[in-house]
Amino acid sequence: MIPDGKAVLQEIEINSSMLISDHPSYKRSCYRAIINWLTKNSPKNINQTNLQKVRPFLEVFYHLIDLEEWNRAKVLFNINFGDLSDDKFYIKLGIWGYYNEQIEICQQILDKIDDDTKSVCLNTIGSAFDSLGEYEKAIQFYKDDLRIQESTEEKAGKGLTLCNLGYVHLRLNQYNESLNLFQQGLLIAQKYRDIKGESIILHALGNLYTATGQYQKSIEYHEESLKISKEINDVRGQGRLLGGLASNYRHLNQYGKAIELNQQYLEVARQVEDIEAESIALGNLDNVYDSLGDYRKAVELHQKHLEIAQQTNNLWEQGNAFSNLGLAHYSLGDFPLAMKNFNSALAISKKIGDYEGKGNILGNIGLIHYDQGRYDESLKCHKEHLRICKEIGNLQGESNAIGNISNVCYFMDNFLEAIEYAELHLKLSQELGDDRGKGSAYLNLGNAYDSLGKIQEAIDSYSKSLEISRRIQDRPGEGKTLCNLGITVIQLEKYSEALEYLESGLLIVQDIGEQAIESLILYSMAEVYEKVGQLENAKLACDDALNIAIELDMPLAQDCEELHTRLCS
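About the thresholds
- Each residue is numbered by its place in its chain's sequence as written, counting from 1.
- Whole-chain, interface and lining totals are the exception, using all residues; otherwise, since this is a predicted model, local features are given only for residues with pLDDT of at least 70 and side-chain atom pairs are given and counted only at 80 or more.
- Side-chain measures here rest on the full set of heavy atoms in the structure, leaving out hydrogens and waters.
- Strands are runs of DSSP state E lasting at least 2 residues, helices are runs of H or I lasting at least 4, and numbering of each runs from the N terminus.
- Between buried and exposed lies partly exposed: a residue is buried under 20% and exposed over 50% of the maximum accessible area for its type, with that area taken using a 1.4 Å probe on protein chains only.
- Here, two residues are considered to be in contact whenever any of their heavy atoms come within 4.5 Å of each other.
- Surface accessibility follows the Shrake-Rupley procedure with a 1.4 Å probe radius. Residue values consider only the protein chains on display as shielding.
- Only four residue types enter the tally: Lys and Arg on the positive side, Asp and Glu on the negative side; His and the chain ends are excluded.
- A single reference atom marks each charge: NZ on Lys, CZ on Arg, CG on Asp, CD on Glu.
- Between N-to-C directions, angles span 0 to 180 degrees; the directions come from axes that are lines fitted to C-alpha atoms, helices contributing only their stretch in contact.
- Orientation labels follow simple angle bins: below 35 degrees gives roughly parallel, above 145 gives roughly antiparallel, 65 to 115 gives roughly perpendicular, and whatever is left gives oblique.
- Note: crossing handedness is left-handed where the near helix turns anticlockwise from the far helix by less than a right angle, and right-handed where it turns clockwise.
- Under this grouping Gly is polar, as are all residues other than the nonpolar Ala, Val, Leu, Ile, Met, Phe, Trp, Tyr, Cys and Pro and the charged Asp, Glu, Lys and Arg.
- Here, nonpolar core means buried Ala, Val, Leu, Ile, Met, Phe, Trp, Tyr and Cys residues that are tied together by side-chain atoms lying within 4.5 Å of each other.
- Put simply, two rings from Phe, Tyr or Trp (the six-membered ring, in Trp's case) pair if the centres are within 6.5 Å, and we call them stacked under 30 degrees between planes, edge-to-face over 60, tilted for the rest.
- Defined by distance alone, a disulfide is two cysteine sulfur atoms within 2.5 Å.
- Each helix should span, by expectation, one fewer than its residue count multiplied by 1.5 Å.

**Q** Looking at this model, I keep getting lost on the overall build of the protein. Mind explaining?
**A** The number of helices and strands found in the protein is 29 helices and zero strands. Counting only C-alpha atoms, the protein reaches 105 × 50 × 40 Å along its principal axes. The buried share of the protein, reckoned over its 569 residues, is 58%. Looking at the protein alone, contacts between residues at least 24 apart form 56% of all its contacts between residues at least 6 apart. Roughly 24600 Å² of accessible area belongs to the protein as shown, and the carbon and sulfur atoms make up 47% of that amount. For the protein, the distance from the average site of its 56 positive side-chain charges to the average site of its 84 negative ones is 6 Å.

In structure tokens, the structure reads:
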């Protein structure tokens, strides 16, 4: 909601009499410009960007600065641009993603008025630099604000500044420092009965526990914060909390609930015109569709997420969007496009010092090396991912990296080592309550037991993986497990059962677009058809497998070519 220009003129107490008063000519020119901007430049085109709509108010602000009208500039600085209490002009610029403009107007009055305004400006500048990924600058401005607050009698605002500082350390994966700052902030908010501040910091603690894989604990903090937000009618805060809860339910494989909460978050973000929140909500939603194996839908949402993040210059969200786009394209078998997105994400993570993000992206790049048969490179990436996760205390990331190392060891014929890593992956997944991780660990165990000739142990492991995948609606995991079960029972000469598993798996991977697994299933079906004498079916399946393997540059292509030669001889 853009305020009426004439009403703003009244609030800043400027009128036409100033044009004929005993002011120097340059001042009269500035007052005339202010009146013109607020009476003749009201936004009429609904297609204007928010920045175009607020341009008159920015121009007026700068004229007031030129006039050294600091108090009038402060009034404009605090004018509401919406129906919510935190829709003030300087806040709204950040909500719309105009961080550089937000920094500029705060710097203009930083040392010109009172300590309270200086504190607000320092905090706001810190928040803007945080969103821009310039974390060292953000830390410096927050610390400057803390020094201001220490010198005043009113300490309530210190809690939120400590919380904001904690968020920067959270992004830098400094979890202990982040926890300490959040806890200090919470004590201050409670001491001064700052109910909204308490809610914000409880939400921050919930986000910290999500980052460290403590999902149930995170849910408790988010729900406590949500209760307060509803009591005080903090609409924007409620949206953020719905998103936080949704992230935890996704990790706990409750995808329906995660989608429902994220949709609510997206609606709130759009309702209050919070473009950064909209970006985060889209990012959360696309992650759920990734988990469900709906990669085409995920790509569509990832792209929207990226567009908003680029529009607001939010490097953190851009990195997330590029990384998630890479994963979706990887699952769809487009390895070159996946690698392009991963490299873009990696460059951003290095630029902003996102150590955890760097580790995750290296792990994702390791997946591409693995699928293209470059096992040494893949192992190197996953071990570096593991090292980073151990260093920053990210148990969930550590568990994921160990699972990937187990899988690579299997393909390098290091079956005993593969079992060792798979058992460690299973143990960590059980500690974290990560059902998806448990299903993946059982799958890797099945692969290793199969290669060691322990067929029954392999089948038992695959069966456990299949049960988990179906229970949590992990369709990618279900497809892989059906594929491997089918390949294993071929060794028992149970060809009808093998085809049943393979055909069920094929339907899933074709539906979700996992071409690499599709190629492997088709190759295995061709082998079964050959064994039961259905040579035409064998040739068709083999040719389909070969075409996909060549397109994806998979080592399987050589096996397909050998089978094709044998079938045609």
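**Q** Got a minute to help me understand the packing of helix 15 (residues 275–291) against helix 16 (residues 295–311) in this structure?
**A** The description of two packed helices rests on the angle between their axes and on the distance between the axes. Running from amino to carboxyl end, helix 15 crosses helix 16 at an angle of 160°, the nearest separation of the two axes being 8 Å. On the basis of their axis angle, the class for helix 15 and helix 16 is roughly antiparallel. Crossing handedness for the pair helix 15 and helix 16: left-handed. Where helix 15 abuts helix 16, its residues Ile275, Glu278, Ser279, Leu282, Gly283, Leu285, Asp286, Asn287, Tyr289 and Asp290 lie against Tyr295, Lys297, Ala298, Leu301, His302, Lys304, His305, Ile308, Ala309 and Gln311. Across the contact of helix 15 with helix 16, the residue classes tally to nine nonpolar, six polar and five charged.

**Q** What am I meant to see in the nonpolar core here?
**A** Within soluble globular proteins, side chains that are nonpolar generally end up buried alongside one another. Counting 142 residues, the largest nonpolar core has Ile12, Ile14, Ile34, Val54 and Leu76 as the members making the most contacts within it. Tallying contributions element by element places helix 27 (residues 515–531) first for this core, with nine residues. Among all residues touching Ile12, those that are not within four sequence positions of it are Ile34, Leu38, Val60, Leu64, Arg72, Val75 and Leu76. Membership of the second largest hydrophobic core comes to 27 residues, among which are Leu242, Ile259, Leu261 and Ala298.

**Q** Before we go on, may I ask you to explain the packing of aromatic side chains in this structure?
**A** Note on aromatic pairs: each is described by the distance of the centres and the angle between the planes. Per the stated rule, a full pass over the model turns up 13 aromatic pairs. Arranged with centres 5.4 Å apart and planes meeting at 70°, the rings of Tyr167 and Phe182 form a pair that is edge-to-face. Of the two residues, Tyr167 is situated in helix 9 (residues 156–171) and Phe182 in helix 10 (residues 175–191); the sequence distance between them amounts to 15 residues. Here Tyr167 falls in the buried class, since its relative accessible area comes to 17%.

**Q** Could you clarify how one ought to interpret the state of the cysteines in this entry?
**A** Disulfides are covalent bonds that connect the sulfur atoms of two cysteines. Across all of its chains, the model carries zero disulfides by this definition. Cysteine Cys381 is unpaired, with the sulfur of Cys389 as its nearest cysteine sulfur at 13 Å. Considering cysteine sulfurs only, Cys542 is the nearest to Cys560, which forms no disulfide, with 5.3 Å between them. Classification of Cys560 as buried rests on a relative accessible area of 0%.

**Q** Could you clarify how one ought to interpret helix 14 (residues 255–271) in this entry?
**A** Each full turn of the α-helix corresponds to 3.6 residues, which orients residues three or four apart in the same direction. Between the first and last C-alpha of helix 14 there are 24 Å, a value that for 17 residues agrees with the 24 Å anticipated at 1.5 Å per step. Buried residues of helix 14: Tyr255, Ala258, Ile259, Leu261, Asn262, Tyr265, Leu266, Val268 and Ala269, and no others. Following helix 14 by one or two positions, Glu273 adopts a phi angle in the positive range, close to 55°.

**Q** I'm lost on the packing of helix 2 (residues 25–40) against helix 3 (residues 50–66) in this one. Help?
**A** Following both chains from N to C, one finds helix 2 and helix 3 inclined at 165°, their axes separated by 9 Å at the closest point. Here helix 2 lies roughly antiparallel to helix 3, going by the angle between them. As helix 2 runs across helix 3, the sense of the crossing is left-handed. Between helix 2 and helix 3, the residues in contact are Cys30, Ala33, Ile34, Trp37 and Leu38 and Pro56, Phe57, Glu59, Val60, His63 and Leu64, respectively. For the contact of helix 2 with helix 3, the residue count by class is nine nonpolar, one polar and one charged.

**Q** Looking at this structure, how should I read unusual backbone geometry?
**A** Glycine aside, residues mostly have negative phi angles, and peptide bonds mostly take the trans form. Residues other than glycine seldom take positive phi values, yet Asn173 does so here, at roughly 65°. Within the secondary structure layout, Asn173 lies in the loop between helix 9 and helix 10. On the basis of relative accessibility, which here comes to 4%, the residue Asn173 falls in the buried class. Even without being a glycine, Asn253 presents a positive backbone phi close to 65°.

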